[in-house]
Amino acid sequence: MQRHLVGISQIGAVRCHRLIALARAIRQASALPRLDKSVALAFFEPSTRTRLSFEAAATRLGCRVAAFSSAGSSIEKGETVADTIRTLEAIGFDAIVLRHRASDAAEHAASIAKHATIVNAGDGCHEHPTQALLDALTLLDEFGSLEGKRIAIIGDIRHSRVYRSDAALLGMLGAIVGVCAPPLLMPSHLPDGIVQLPDAASAIEWADAAIVLRLQRERMDSGLVPSLSDYRRRYAVRREYLVGSRVRLLHPGPVNPDIELDAVLVESEHSLIQRQVSNGVFIRMAVMIDIFATELVEHFLSH
Ligand code: NCD
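**Focus: the site of the ligand**
Part 1: Around the ligand sit Arg49, Thr50, Arg99, His128, Gln131, Arg161, Val162, Arg214, Pro252, Gly253 and Pro254, and those are all the residues in its vicinity.
Part 2: Arg161 is positioned such that a nitrogen or oxygen atom in its side chain is 2.7 Å from an oxygen atom of the ligand.
Part 3: One nitrogen or oxygen atom from the main chain of Pro252 is found 2.8 Å from a nitrogen atom belonging to the ligand.
Part 4: Those elements that provide at least two residues to the shell around the ligand are α2 (49-60) and α6 (161-172).
Part 5: A domain split of the shell around the ligand shows at least three residues from each of domain 1 (8-128 + 279-301) and domain 2 (129-276).

**Focus on the pairing of strand β3 (residues 95-100)**
Part 1: Of all the 6 residues making up β3, 6 are buried; the element is thus mostly covered by neighbouring parts of the structure.
Part 2: Going residue by residue along β3, you find Ala95, Val97 and Arg99 tucked away on one face and Ile96, Leu98 and His100 tucked away on the opposite face as well.
Part 3: Relative to β3, strand β1 (residues 38-43) is paired through 5 bridges, and the arrangement is parallel. Its bridge partner being in β3, Ala42 is matched across the sheet by Leu98.

**Focus on helix α9 (residues 273-292)**
Part 1: For α9, which comprises 20 residues, the first-to-last C-alpha distance of 29 Å matches the rise-based estimate of 28 Å (1.5 Å per residue) to within 8%.
Part 2: For α9, the buried fraction is high: 16 of the 20 residues fall into the buried class.

**Quick look at the side chain of Asn279**
Part 1: Note that Asn279 resides in helix α9.
Part 2: Asn279 sits in the buried class, given a relative accessible area of 4%.
Part 3: Apart from residues lying up to four places away in sequence, Asn279 is in contact with Arg27, Leu134, Leu137, Thr138 and Asp141.

**Quick look at the environment of Gly280**
Part 1: Here Gly280 lies in helix α9.
Part 2: Along the sequence, Gly280 and Gln131 sit 149 residues apart, while their C-alpha atoms lie 7.2 Å from each other.

**Side note on the packing of aromatic side chains**
Two numbers describe a pair of aromatic rings. These are the distance of the centres and the angle of the planes.
Part 1: Inspection of the entire model under this criterion finds 2 aromatic pairs.
Part 2: For Arg284, the ring lying beneath its charged end belongs to Phe54, and the centroid distance is 4.8 Å.

**Some remarks on the side chain of Asp166**
Part 1: Among the structural elements, Asp166 can be located in helix α6.
Part 2: Comment: no salt bridge for buried Asp166; closest opposite-charge side chain is Arg284, at 10 Å.
Part 3: Residues in contact with Asp166, not counting those within four places in the same chain, are Gln131, Ala132, Asp135, Ile153, Gly171 and Ile211.

**What to know about the sheet that holds strand β8 (residues 209-212)**
Part 1: Across the sheet, 5 strands lie side by side as β7-β6-β5-β8-β9; this open sheet has parallel pairing. Only two strands of the sheet have a single neighbouring strand rather than two, namely β7 (195-196) and β9 (248-250).
Part 2: Bridge count for strand β6 (residues 176-180) against β7 is 2 bridges, and the pairing is parallel. Bridging across to β7, Gly178 finds its partner in Val195.

**Things to note about the packing of helix α1 (residues 8-28) against α6**
Part 1: Their axes nearest at 10 Å, the elements α1 and α6 cross at an angle of 30°. With respect to their mutual orientation, α1 and α6 come out roughly parallel. Handedness of the crossing formed by α1 with α6: right-handed. Every residue of α6 that contacts α1 at Ile8, Gly12, Ala13 and Cys16 is listed here: Ser165, Ala168, Leu169 and Met172.
Part 2: Partitioning the contact of α1 with α6 into residue classes produces 6 nonpolar, 2 polar and no charged.

**Topic: the domain arrangement of the protein chain**
Part 1: What the domain assignment reports for the protein chain is domain 1 (8-128 + 279-301) and domain 2 (129-276).
Part 2: Each side of the interface is counted separately: domain 1 has 28 residues, and domain 2 has 28 residues.
Part 3: At the surface where domain 1 touches domain 2, the tally comes to 3 salt bridges.
Part 4: Of the charged contacts, one joins Asp141 and Arg27 as a salt bridge, the two residues approaching to 2.8 Å between their closest N and O atoms.
Part 5: The tally of links from domain 1 across to domain 2 stands at 15 residue pairs in polar contact (both at pLDDT 80 or more).
Part 6: For the side of domain 1 that touches domain 2, the secondary-structure elements that each account for two or more residues are α1, α2, β3, β4 (117-123) and α9.
Part 7: Across the side of domain 1 that touches domain 2, the residue classes tally to 10 nonpolar, 10 polar and 8 charged.

**Topic: the pattern of salt bridges**
Part 1: Enumeration according to the criterion identifies 11 salt bridges in this entry.
Part 2: With a shortest N-O distance of 2.9 Å, Arg161 and Glu45 are connected by a salt bridge. Of this pair, Arg161 sits in helix α6 while Glu45 is found in the loop between β1 and α2, placing the two residues 116 residues apart along the sequence.
Part 3: When its relative accessible area of 11% is taken as the criterion, Glu45 is described as buried.
Part 4: Where Arg232 meets Asp262, a salt bridge forms, and the shortest distance between an N and an O atom there is 2.8 Å. Within this pair, whereas Arg232 is found in helix α8 (residues 228-235), its partner Asp262 is found in the loop between β9 and α9, the two being separated by 30 residues in sequence.
Part 5: What you see here is one network of salt bridges that share partners, running through Arg15, Arg18 and Asp290.

Procedures and definitions
- Residues numbered from 1 in each chain as written.
- Predicted model: local features only at pLDDT ≥ 70, side-chain atom pairs only at ≥ 80, totals over all residues.
- Heavy atoms only, no water.
- Near = heavy atom within 4 Å.
- Polar contact = N/O pair within 3.5 Å; in protein donor to acceptor, adjacent residues only side chain to side chain.
- Helix = DSSP H or I, 4+ residues; strand = E, 2+ residues; numbered from the N terminus.
- Domains from an automatic or database assignment.
- Buried < 20%, exposed > 50% of the residue type's maximum accessible area, 1.4 Å probe, protein only.
- Pairing = 2+ DSSP bridges.
- Expected span 1.5 Å × (residues − 1).
- Contact = heavy atoms within 4.5 Å.
- Phe/Tyr/Trp six-rings, centres within 6.5 Å; stacked < 30°, edge-to-face > 60°.
- Lys NZ or Arg CZ within 6 Å of the ring centre and 35° of its normal.
- Lys, Arg positive; Asp, Glu negative; His and termini not counted.
- Salt bridge = Lys/Arg side-chain N within 4 Å of Asp/Glu carboxyl O.
- Axes fitted to C-alpha atoms, helices over the stretch in contact; angles between N-to-C directions.
- Parallel < 35°, antiparallel > 145°, perpendicular 65-115°, else oblique.
- Left-handed = near helix turned anticlockwise from the far one by under 90°.
- Nonpolar A, V, L, I, M, F, W, Y, C, P; charged D, E, K, R; others polar.

Have a look at this one:
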């Protein structure tokens with residue numbers, strides 16, 4: 001089994017099921033182990049919740065955490081991913097949680113690391129596996145099983161690592177995944193079985209739950225979205241679409257209120273957004289225990 005956590009497809013169904021079950025067990029646990037390891041949070045791209053969530057997870061398990069972001073580090077002086085990984089390993093970090101704008105950064109880091117474990121916290125348009133695990137946990141809490149459940153992913157699909165990880169994991173768990181985006185924000189290839197939905201109104205009508213995504217302008221060539229008002233007209237999730245509906249709403253954050261999603265929906269009875277954030281910490285604790293204390297996994301799962 002590969003120790004690194006690069007993407008959903010690399011870790012496979014068995015480990016995904018195990019991480020979700022472990023996160024649930026940790027959520028119920030009255031006592032937590034102290035792992036006494038050191039974790040570097042190497043965030044080469046902005047982040048609020050993912051970084052704080054990894055930090056909370058690691059510190060609650062007694063790990064020492066060092067966080068650095070590109071501003072103020074040698075990354076500004078042209079340091080490469082390879083340099084950073086070698087340096088962090090030489091200092092002695094046991095795990096490196098990496099966020100980077102290059103879509104192969106996590107895979108590359110994993111090929112360089114000799115003993116530290118690489119955890120992908122989002123690499124370019126590639127994957128964001130812990131986000132998918134926390135989305136799956138949130139949806140499983142809500143529905144019990146995802147077998148046959150319809151999950152629509154609405155927004156900037158093309159640039160979204162969340163879409164790639166979510167589609168892989170939710171499909172693995174038996175959900176039917178639908179996508180909804182303007183043609184220029186669709187990827188050039190959609191895997192078999194993914195349903196294309198023409199606009200947000202029909203996506204909401206079709207779905208049991210919708211994962212709404214932000215327009216990721218930092219990864220976008222200019223001109224892909226003609227105007228925000230055109231985008232909103234067809235692809236924003238609006239309050240009126242949810243009248244009389246039981247659809248659940250998820251969003252990985254950050255939400256751009258009144259662009260991809262009407263602001264009032266964020267705290268409506270449809271929203272699972274705060275639960276996603278809370279579950280994120282349990283998923284990341286599960287990742288740490290799975291990496292550092294494999295012998296404790298069975299203990300947690302049998303309680
Ligand atoms: C996502 C990311 O960075 O990929 N956010 C997150 O991790 N909470 C989605 C996004 O930035 O839109």
